[in-house]
Amino acid sequence: MNRYQTTLASLALTLSYLCAMPAHAAREVAGVRFDDQTNLASQALVLNGAGVRVKMIIKVYAVGLYVPHKETAPAGVLNQSGPKSVRIVMLRNVSAEKLTDALMEGIVENVSPADLRALQPRLDELEAAMRNAGEAVKGAQIQIDYLPGIGTRVTMGGKPLGKDIAGEDFYRALLKIWLGEHPSDRNLKGDLLGQS
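Here is what the cut-offs are and how they apply
- Residues numbered from 1 in each chain as written.
- Predicted model: local features only at pLDDT ≥ 70, side-chain atom pairs only at ≥ 80, totals over all residues.
- Heavy atoms only, no water.
- 1 Å grid on protein atoms, 1.4 Å probe; cavity = no way out; pocket = protein on both sides within 12 Å on 5 of 7 lines; lining within 4 Å.
- Points joined across faces, edges and corners; volume = space filled by probe spheres on them.
- Helix = DSSP H or I, 4+ residues; strand = E, 2+ residues; numbered from the N terminus.
- Nonpolar A, V, L, I, M, F, W, Y, C, P; charged D, E, K, R; others polar.
- Buried < 20%, exposed > 50% of the residue type's maximum accessible area, 1.4 Å probe, protein only.
- Phe/Tyr/Trp six-rings, centres within 6.5 Å; stacked < 30°, edge-to-face > 60°.
- Axes fitted to C-alpha atoms, helices over the stretch in contact; angles between N-to-C directions.
- Parallel < 35°, antiparallel > 145°, perpendicular 65-115°, else oblique.
- Contact = heavy atoms within 4.5 Å.

K.L.:
What exactly am I supposed to notice about the layout of surface pockets here?
P.N.:
Unoccupied space between atoms shows up once a probe the size of one water molecule is rolled over them. A volume near 600 Å³ is recorded for the largest pocket. Lining of the largest pocket is provided by 25 residues; of these, Arg53, Lys55, Val60, Lys98 and Ala102 occupy positions nearest its centre. If you list the elements that add at least two residues to the lining of the largest pocket, you get strand E4 (43-55), strand E5 (58-67), helix H3 (96-110) and helix H5 (168-179). Counting residues per element, the lining of the largest pocket draws most heavily on H3, which supplies 9 residues. Among the residues making up the lining of the largest pocket, the classes are represented as 13 nonpolar, 5 polar and 7 charged. Of the pockets and cavities examined, the second largest pocket occupies roughly 230 Å³.

K.L.:
Before we go on, may I ask you to explain unusual backbone geometry in this structure?
P.N.:
Trans is the common state for peptide bonds, and a negative phi is the common state for residues other than glycine. The phi torsion at alanine 41 lies on the positive side, around 55°, for a residue other than glycine. Position of alanine 41 among the secondary structure elements: in the loop between strand E3 (37-40) and E4. With a phi close to 60°, serine 42 is a non-glycine residue in the positive phi region. Inspection of the secondary structure assignment puts serine 42 in the loop between E3 and E4. Using a relative accessible area of 83% as the deciding quantity, one classes serine 42 as exposed.

K.L.:
Where do I start with the packing of aromatic side chains in this structure?
P.N.:
Pairs of aromatic rings are described using the distance from one ring centre to the other and the angle between the two planes. In total, this model carries 1 aromatic pair according to the counting rule given. Here tyrosine 146 and tyrosine 171 contribute two aromatic rings whose centre-to-centre distance is 5.7 Å and whose plane-to-plane angle is 45°, an arrangement assigned as tilted. One end of the pair, tyrosine 146, is in strand E7 (residues 141-147); the other, tyrosine 171, is in helix H5, and 25 residues separate them in sequence. Its relative accessible area of 1% is what places tyrosine 171 among the buried residues.

K.L.:
Would you mind showing me how to read the packing of H3 against H5 here?
P.N.:
A pair of packed helices is characterised by two quantities: the angle between their axes and the separation of those axes. The geometry of H3 relative to H5 is characterised by a closest axis approach of 8 Å and an angle of 90° between their N-to-C directions. Judged on the interaxial angle alone, H5 and H3 are roughly perpendicular. Contacts from Leu103, Gly106, Ile107 and Asn110 in H3 reach Ala173, Leu174, Lys176, Ile177 and Trp178 in H5. Residue composition of the contact of H3 with H5, by class: 6 nonpolar, 2 polar and 1 charged.

As structure tokens, this is what we get:
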């Protein structure tokens, strides 16, 4: 083989290797792009699934769920240790009151009365912080992160809404809004679990 043929063969081998590698393309839902991977608390997270919250035919927000490793069963996501992140992008303007009420209703529908009593002081903190944030306007980005050893951090536009809220049980209750027995949107539950 001459030098030209060797270079060509090497190039062909490199191209075939690159084509065989999995693509790290983003997923787009309702015009919102969710990267396949992100980092949180110095750990790589993967996009478990993404979808749109629809209420009475109205698209309210796009949401992506990031976890350490993909799971298709609700229990697998809820019981997964490590950092997790829910990324929400508003598709329409929603008042702080309506958004907060929807979150609280989702939690009440999916936790036991005993768990609700244990969570209530922390839910009150979250509710006060969200109501003070004002309207979530179209395009606003809300991030709900779980940071091990720290707790739940909620940000809007990169700015914290209140202080971090302790307890992995609290974050698990938040996830049940979308992944619980009585999710806010059954189609969205399937999307976040990567079932569609």
